[in-house]
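# Coordinate analysis (summary)
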Amino acid sequence: MFSESLIRLKEKNLLREIKNHNSPQGSRISMNGKNYINFSSNDYLGLASQPRLIESSRKAIETFGFGSGASRLLCGGSILHDELEKKTAEFKGTESALIFNSGYSANTGIIPAIADEGDVIFSDELNHASIVDGCRLSRAKKIIYRHKDIGHLSELIKKEKVKREIIITDSVFSMDGDIAPLKDIYELCLTLNSTLSIPNFLLYIDDAHGTGVLGQGKGALAHFGIKSEPWIIQMGTFSKALGSFGAFAAGNKDTIEWILNTARSFIFSTALPSCVAAASIAALEVIEKEPELVNKLWTNREQAVHGITKLGYDIMGSETPIIPVRTGTVEEALQISQHLMENGILAPAIRPPSVREPRIRITVTAAHTAEDIESLIKALSL
Ligand SMILES: Cc1ncc(COP(=O)(O)O)c(C=O)c1O
């Protein structure tokens, strides 16, 4: 039925396939009997296989079993879900937090819960696909502003006068590795809200790639020195720098209670297993107790960026451990990725429709050694 469409994708070099590894997630990975240095994951702090996460998760399985059995509103939640929410709120400096089963389900659940018919959403043109889908599911009017262009955003806002306006942005853009101008966006909302008795302008931040990475691990708001406000909603994931799985919404008490009562992906989906919540709790504790991990991540990032740019590559405005390398054509991206694999380096080619311009997406983690990064740079000197 879809065979012709698949052939067309293959002809354009756009057919995707899954690569299965047979080792734990980490800076080294094994696939089809071959070992690679892994520059392809979002496990920024190297926590995915950290013994404390494994041990906490193992203990939780012994206490709570594996499956959670139902949605949390039926009977699927355990005291570990509650503990994780309290710890997340504390970590993010908010009154309250709510766990979701993934970042994708968080964005597709929270956005329709906070934006309804008659509201307007302003969304950065490079926001993650899960935000795009969340916006599509909501009945609000969607307006796309140019990437990180605060002037364009302000101009578009001036033209709208409605009940509620919501600005949505990734904190760190997942394929470009650049950082949203959150201080400017925050100040814009602050000014707009200051004349109103009830704040009209909400700011929704997807901190999936900022949590554990920016602001000594606390995320984007800490990075910019912005305090949490009743009109800011932070979404983040446990699945990237925290090495676990799932996601959260963090914000003021009423907002989170509203989301709990209205986000369909929360209400109508089985809760995460308690052992996953246990691993996320352990990850938050590791980040707080071992600040050197975040420092190591940034030292590694500087080493990689220095070496890659010295070779003459364009890293497309990267400001974080996500380092895209511009390649020109799709074919070139595939060839470079293949060449890297032949040299023991795993770094994927990213092609349309995931991005407009093909690239190699390199992610550096705290688990890489200086020698790992040297190997990457050597393999990139084609
Ligand atoms: C910015 C951003 N938001 C949300 C998600 C979805 O998170 P998850 O992988 O937990 O579903 C991703 C995943 O890549 C992401 O990059």
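Residues numbered from 1 in each chain as written. Predicted model: local features only at pLDDT ≥ 70, side-chain atom pairs only at ≥ 80, totals over all residues. Heavy atoms only, no water.

In the vicinity of the ligand, 14 residues are found, and the nearest of them are Gly103, Tyr104, Asp206, His209 and Lys240. With respect to the ligand, the backbone of Tyr104 contributes an N or O atom lying 2.9 Å from an oxygen atom. Residue His209 places a side-chain N or O atom 2.6 Å away from an oxygen atom belonging to the ligand. For the ligand, the protein covers 83% of the area, taking 390 Å² as the surface of the free molecule. The dominant element in the shell around the ligand, judged by the number of residues it contributes, is helix 5 (residues 103-114), at three residues. Within the shell around the ligand, the residues separate by chemical class into two nonpolar, nine polar and three charged. (Near = heavy atom within 4 Å. Polar contact = N/O pair within 3.5 Å; in protein donor to acceptor, adjacent residues only side chain to side chain. Areas by Shrake-Rupley, 256 points an atom, 1.4 Å probe, with all protein chains shown as cover. Helix = DSSP H or I, 4+ residues; strand = E, 2+ residues; numbered from the N terminus. Nonpolar A, V, L, I, M, F, W, Y, C, P; charged D, E, K, R; others polar.)

The next point concerns the sheet that holds strand 2 (residues 34-38). A sheet is described by the order of its strands in space; here three strands give the open sequence 1-2-11, paired in mixed fashion. This sheet does not close on itself; its edge strands, each paired only once, are strand 1 (28-31) and strand 11 (345-346). For strand 1 and strand 2, the ladder comprises four bridges, and the chain directions are antiparallel. Looking across to strand 2, one finds that Ser30 is bridged to Asn35. (Pairing = 2+ DSSP bridges.)

Once that is clear, we can look at empty space enclosed by the protein. Inspection of every chain in the model, using the stated rule, returns one cavity of 30 Å³ or more. Looking at the largest cavity, its volume works out to about 70 Å³. Forming the boundary of the largest cavity are Arg72, His81, Ile99, Phe100, Asn101, Ser265, Phe266, Ser269, Ala271 and Leu272. When residues of the lining of the largest cavity are traced back to their parent elements, those giving at least two are strand 3 (96-100) and helix 11 (264-267). Classifying every residue of the lining of the largest cavity gives five nonpolar, four polar and one charged. (1 Å grid on protein atoms, 1.4 Å probe; cavity = no way out; pocket = protein on both sides within 12 Å on 5 of 7 lines; lining within 4 Å. Points joined across faces, edges and corners; volume = space filled by probe spheres on them.)

As a further point, take the nonpolar core. Counting residues in each nonpolar core, the largest one holds 85 residues, and the members touching the most others are Leu45, Phe100, Ile110, Phe122, Ile167, Tyr204 and Ile259. The dominant element in this core, judged by the number of residues it contributes, is helix 12 (residues 274-289), at 11 residues. Three or more residues apiece are contributed to this core by two domains, here domain 1 (21-49 + 291-380) and domain 2 (65-289). Ranked by size, the runner-up nonpolar core spans 23 residues in total, among them Phe39, Ala349, Val364 and Ile377. (Core = buried A, V, L, I, M, F, W, Y, C linked by side-chain atoms within 4.5 Å. Buried < 20%, exposed > 50% of the residue type's maximum accessible area, 1.4 Å probe, protein only. Domains from an automatic or database assignment.)

Glancing now at unusual backbone geometry. Glycine aside, negative phi is the norm for most residues, and most peptide bonds take the trans geometry. For the peptide bond that leads from Pro352 to Pro353, omega is 5 degrees, which places it in the cis range. Secondary-structure assignment places Pro353 in the loop between strand 12 (349-350) and strand 13 (359-363). Look at Asn13: it is not a glycine, yet its phi comes out positive at around 60 degrees. Tracing the sequence through the fold places Asn13 in the loop between helix 1 (3-11) and strand 1.

Counted by the stated rule, this structure contains 23 salt bridges. Note that Arg58 and Glu55 form a salt bridge whose closest N and O atoms lie 2.7 Å from each other. Placement of the pair is Arg58 and Glu55 together in helix 2 (residues 51-64), with a separation of three residues, close to one helical turn. A salt bridge links Lys163 to Asp119, with the shortest nitrogen-to-oxygen separation between them at 3.8 Å. Of the two residues, Lys163 sits in the loop between helix 7 (150-158) and strand 6 (165-170) while Asp119 sits in the loop between helix 5 and strand 4 (120-124), which places them 44 residues apart along the sequence. One salt-bridge network, held together by shared partners, links Arg52, Lys87 and Glu285. (Salt bridge = Lys/Arg side-chain N within 4 Å of Asp/Glu carboxyl O.)

Right, let's get into the domain arrangement of the chain. Each assigned domain of the chain is listed here: domain 1 (21-49 + 291-380) and domain 2 (65-289). Using C-alpha coordinates to define each centre, domain 1 is positioned 27 Å away from domain 2. Summing both partners gives a buried area of about 1,900 Å² for domain 1 against domain 2, and 57% of it is carried by carbon and sulfur. Here domain 1 and domain 2 share three salt bridges between them. Ionic pairing is found between Glu319 and Lys148, a salt bridge with its closest N-O pair at 3.5 Å. Seen at the junction of domain 1 and domain 2, the total is 10 residue pairs in polar contact (both at pLDDT 80 or more). Looking at the side of domain 1 that touches domain 2, the element that brings in the most residues is helix 13 (residues 292-310), giving five residues. (Buried area = accessible area lost by both parts, 1.4 Å probe.)

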